[in-house]
Each structure stands twice: as structure tokens, then as C-alpha cells.
Amino acid sequence: MEGKKTLFNLYAWKLKDIILVSLLAVFFAIICLSAVYAAMLVTPLLVPFGLGEMTVEFFFGIWFFVATFSPYILRKPGVATIASTMTGVIQVFLGSPGAATVVVSAFWQGLGAESAFALFRYKKFNTGAMLLAAAGCTVFSFVLAWHRGLWVDLPFWFLAMRFSVRMASALLFAGLASKLLADRLAKAGALKSYPIGETYTGSIDES
């Protein structure tokens, strides 16, 4: 007999959810930290063109990836924020150059994605929702950077360019690429015990 579909039954975390989020946090912490060092290597190449500070913006979509990828698979409240924050914490233990500030950044990025999924009451997980979540990461991370006072002396045109590049990176990686990867894994049967796999009926919603 099927149990009542209360909010608790729908959204309660199971052991397998905790294990998956933990594994994803470790995996993406390594990816994110690698992207940090990659950005550091690329930066000198753009310095002669006066775009050295712009380099990191191309990598933000990678740093946002876990905040959209994890909730797209688990489809539960809190996943985006928790997975992203855990990824930040692990980066600190791995020796991130950003130290503890990475944790705060990761939390805000996850909260940005969380707000998008919450807007749909965690019932809509399609391309539009993923793109909105990626955009949420961009906006929240930008607000945090502004609050930290990092850009108070920068001209508006440069801020606009940074925002545009960060948004494009977010939409490409955290929005489209993360959905594509999760869809392929679900189609292959690797995620059959999770909500994305349980609702997979032969085709992934691309609307």
C-alpha cells in the first residue's frame, strides 16, 4: 500500500542522498580547485590586453556546476545549498588559495541556484529551470562580490562585461552542460535509484 505523500515523505533525505551529495562534493571540489589553478595559469596570457582580472569570469560556470547538477538529480529542497557549501568546505581542506572565503562564496552560489528551484516549488526541473538556477548563481555571487567591496572603484562598463562573461559561463556550464551530463547518466541507468532516474521514462524533458 502506497504511503501518504506528505512533504516529509517527499523531501526527507535518505542515506543514499547523503552519500551521493558527499561524493559529488568531493569530486567537484577537486574539479573546482583545478579550475582555480587553471585560471591562475591563463591570467598572465590576458594581462597584456588589460583583461587579466577577467580570466576568472570564464571559469565561474564550472564553480557553479555542483549547485545545479546535484539538485537536478535529487530534486529535494536544500540540495543546491548544501552540495555547494560542502564543496567549498572540502576545497578549503584541499588547500584552496581562497581559504575560508571559498565557503561563503559556495554558500551564496548554492543559495542562488536554490532560489530558482524554490520558485518552482521543486516541481519543475527542465532546461528553463536549470538556466534560471545558473543565472541565480551568477546574480548571488555578484551581489556577494559587491558587498565585499571588491569592485567599488571599477567602471560600470567593466562590471557589465564581467557580469556578461560570468553569466554566459554559468548558462553554458551550470545550466546546459550540467543538465546534459545528468540526462546522459540517467539514460544510461546510472541514476535509476534517484528521482531523476525514477521519473525517467525514455526521454528527458527538454522544454
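Check the entry above for the structure.
Calculation notes
- Residues numbered from 1 in each chain as written.
- Predicted model: local features only at pLDDT ≥ 70, side-chain atom pairs only at ≥ 80, totals over all residues.
- Heavy atoms only, no water.
- 1 Å grid on protein atoms, 1.4 Å probe; cavity = no way out; pocket = protein on both sides within 12 Å on 5 of 7 lines; lining within 4 Å.
- Points joined across faces, edges and corners; volume = space filled by probe spheres on them.
- Helix = DSSP H or I, 4+ residues; strand = E, 2+ residues; numbered from the N terminus.
- Nonpolar A, V, L, I, M, F, W, Y, C, P; charged D, E, K, R; others polar.
- Buried < 20%, exposed > 50% of the residue type's maximum accessible area, 1.4 Å probe, protein only.
- Polar contact = N/O pair within 3.5 Å; in protein donor to acceptor, adjacent residues only side chain to side chain.
- Contact = heavy atoms within 4.5 Å.
- Axes fitted to C-alpha atoms, helices over the stretch in contact; angles between N-to-C directions.
- Left-handed = near helix turned anticlockwise from the far one by under 90°.
- Salt bridge = Lys/Arg side-chain N within 4 Å of Asp/Glu carboxyl O.
- Phe/Tyr/Trp six-rings, centres within 6.5 Å; stacked < 30°, edge-to-face > 60°.
- Lys NZ or Arg CZ within 6 Å of the ring centre and 35° of its normal.

## Comments concerning the layout of surface pockets
Turning to step 1, where the next piece is worked out: Empty space within the largest pocket amounts to approximately 720 Å³.
Turning to step 2, where the next piece is worked out: Counting only elements with at least two residues in the lining of the largest pocket, the list comes to helix 2 (15-46), helix 3 (60-74), helix 4 (79-93), helix 5 (101-119), helix 6 (127-147) and helix 7 (156-187).
Turning to step 3, where the next piece is worked out: Counted by class, the lining of the largest pocket contains 15 nonpolar, 11 polar and four charged residues.

## Brief notes about the side chain of Ser70
Turning to step 1, where the next piece is worked out: Within the fold, Ser70 resides in helix 3.
Turning to step 2, where the next piece is worked out: For Ser70, a relative accessible area of 1% gives the class buried.
Turning to step 3, where the next piece is worked out: In terms of polar contacts, Ser70 uses its side chain to reach the backbone carbonyl oxygen of Val66, at 3.1 Å.
Turning to step 4, where the next piece is worked out: Residues within four places of Ser70 in sequence aside, it is in contact with Leu24, Val79 and Ala83.

## Considerations on the packing of helix 6 against helix 7
Turning to step 1, where the next piece is worked out: Relative to each other, helix 6 and helix 7 sit at 145°, their axes nearing to 8 Å. In this structure, helix 6 crosses over helix 7, and the sense of that crossing is right-handed. Across the interface between the two elements, Thr127, Met130, Leu131, Ala134, Ala135, Thr138, Val139, Ser141, Phe142 and Trp146 from helix 6 touch Leu159, Arg162, Phe163, Arg166, Met167, Ala170, Leu171, Ala174, Gly175, Leu176, Ser178 and Lys179 from helix 7.
Turning to step 2, where the next piece is worked out: When the residues that make up the contact of helix 6 with helix 7 are grouped by side-chain class, the tally is 14 nonpolar, five polar and three charged.

## Focus on the pattern of salt bridges
Turning to step 1, where the next piece is worked out: Summed over the entire model, instances satisfying the criterion amount to four salt bridges.
Turning to step 2, where the next piece is worked out: The salt bridge involving Asp17 is made with Lys76; its shortest N-O contact spans 3.7 Å. Of this pair, Asp17 sits in helix 2 while Lys76 is found in the loop between helix 3 and helix 4, placing the two residues 59 residues apart along the sequence. Accessibility assignment for this pair places Asp17 and Lys76 in one class, buried.
Turning to step 3, where the next piece is worked out: The salt bridge partner of Lys179 is Asp183, with a shortest N-O separation of 2.9 Å. Placement of the pair is Lys179 and Asp183 together in helix 7, with a separation of four residues, close to one helical turn.
Turning to step 4, where the next piece is worked out: Note on Asp183: relative accessible area 2%, which makes it buried.

## Looking at the packing of aromatic side chains
What describes a pair of aromatic rings is the distance from one ring centre to the other and the angle between the planes of the rings.
Turning to step 1, where the next piece is worked out: Evaluation of the coordinates by the stated rule reveals 12 aromatic pairs.
Turning to step 2, where the next piece is worked out: Relative to Phe65, the ring of Phe28 lies with its centre 5.4 Å away and its plane at 25°, an arrangement referred to as stacked. Here Phe28, found in helix 2, pairs with Phe65, found in helix 3; they are 37 residues apart in sequence, far enough to count as distant. Across the pair, Phe65 and Phe28 agree in class, each one buried.
Turning to step 3, where the next piece is worked out: Through successive ring pairs, a cluster of aromatic residues spans Phe27, Phe28, Phe65 and Phe69.
Turning to step 4, where the next piece is worked out: The ring centre of Phe60 lies 3.6 Å from the NZ or CZ of Arg166, which sits over that ring.

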